[in-house]
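If you want the building blocks of each chain, they are given just below.
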Amino acid sequence: QGQVVESGGKSVQPGDSLKLSCVGSERTIRRHTMGWFRQVSGKEREFVAAIKWLGDSTLLGDPVKGRFTISRDNSKNTIWLQMNNLKPEDTAVYYCGYPASGLDLYSDPAYWTGWGQGTQVTVAS
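What you are looking at is a predicted structure, and each value in this text was computed from that prediction instead of being measured.

*Asks:* Could you clarify how one ought to interpret the packing of aromatic side chains in this entry?
*Replies:* The way to describe two aromatic rings as a pair is by their centre distance and the angle between their planes. All chains considered together, the criterion is met by five aromatic pairs. Plain terms: the ring middles of Phe37 and Trp112 are 5.1 Å apart, the flat faces sit at 65 degrees to each other, and that makes the pair edge-to-face. Here Trp112 lies in strand 10 (residues 112–113) and Phe37 lies in strand 4 (residues 34–39), a separation of 75 residues in the sequence. Residue classification places Phe37 among the buried positions, given a relative accessible area of 0%. With centroids separated by 4.8 Å and ring planes inclined at 10 degrees, the aromatic side chains of Tyr106 and Tyr111 adopt a geometry described as stacked. Overall, Tyr106 belongs to the buried group, its relative accessible area being 19%. Residue Tyr111 is classed as partly exposed on the basis of its relative accessible area of 46%. Put simply, the rings of Phe37, Phe47, Tyr95, Trp112 and Trp115 touch in pairs and so form one group of aromatic residues.

*Asks:* Explain the sheet that holds strand 1 (residues 4–7) to me, please; I cannot follow it from the model alone.
*Replies:* The strands making up a sheet associate through backbone hydrogen bonding, with each pair oriented either parallel or antiparallel. One open sheet holds the four strands; their spatial order is 1-3-8-7, and the pairing between them is antiparallel. Unpaired on one side and paired on the other, strand 1 and strand 7 (68–73) mark the two borders of the sheet. Averaged over all pairs of adjacent strands, the angle between strand axes in this sheet comes to 15 degrees, irrespective of strand direction. Where strand 3 (residues 18–24) meets strand 8 (residues 78–83), six bridges bridge the pair, whose relative direction is antiparallel. Its bridge partner being in strand 8, Ser21 is matched across the sheet by Trp80.

*Asks:* Got a minute to help me understand the state of the cysteines in this structure?
*Replies:* Every disulfide links exactly two cysteines, by a covalent bond between their sulfur atoms. Taken as a whole and judged by the stated rule, the model has one disulfide. Between the sulfur atoms of Cys22 and its disulfide partner Cys96 the distance amounts to 2.1 Å. Its S-S torsion of approximately -75 degrees makes the covalent link between Cys22 and Cys96 left-handed. Of this pair, Cys22 sits in strand 3 while Cys96 sits in strand 9 (residues 92–99); the two residues are 74 residues apart in sequence, bridging distant segments of the chain. Each of the two residues, Cys22 as well as Cys96, counts as buried.

*Asks:* What should I look at first to understand the pairing of strand 9 in this one?
*Replies:* The side chains of a regular strand alternate between both faces of the sheet. With respect to burial, strand 9 is a largely interior element, eight of its eight residues being buried. Here strand 4 pairs with strand 9 via five bridges, running antiparallel. The residue of strand 9 that forms the bridge with Gln39 is Val93. Bridge analysis of strand 9 against strand 10 gives two bridges, and the strand direction is antiparallel. Bridge pairing in strand 10 places Tyr98 opposite Thr113.

Reading guide: rules and limits
- Residues numbered from 1 in each chain as written.
- Predicted model: local features only at pLDDT ≥ 70, side-chain atom pairs only at ≥ 80, totals over all residues.
- Heavy atoms only, no water.
- Phe/Tyr/Trp six-rings, centres within 6.5 Å; stacked < 30°, edge-to-face > 60°.
- Helix = DSSP H or I, 4+ residues; strand = E, 2+ residues; numbered from the N terminus.
- Buried < 20%, exposed > 50% of the residue type's maximum accessible area, 1.4 Å probe, protein only.
- Pairing = 2+ DSSP bridges.
- Axes fitted to C-alpha atoms, helices over the stretch in contact; angles between N-to-C directions.
- Disulfide = S-S within 2.5 Å.

As structure tokens, this is what we get:
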């Protein structure tokens with residue numbers, strides 16, 4: 001089904017907000033659960049958020065609950081990650097992808113594929 005393109009990452013200060021975008025082809029985005037993961041060099045990829053294709057169900061990782069929101073617009077083949085009250089520990093490369101099979105909200109990155117090149121988010125004062 002192809003890959004996606006992430007964008008929107010940049011350097012910000014603690015407490016700032018940032019919105020990441022993930023754009024794919026219609027074939028990639030539609031009818032797929034989509035999700036965001038992040039990775040720090042030398043560490044495993046970490047689950048951030050996932051959303052079912054109708055947008056009626058989402059899952060957030062514990063470190064970002066209450067601060068991040070995932071949303072999508074299937075007519076635009078786009079998924080967003082709204083990040084509020086950013087912390088230095090949110091610094092990472094953020095990736096968007098979809099499950100290799102199935103429609104559930106998987107938090108294990110082993111179930112996911114279609115990663116883009118990622119977008120760097122740096123939170124520092």
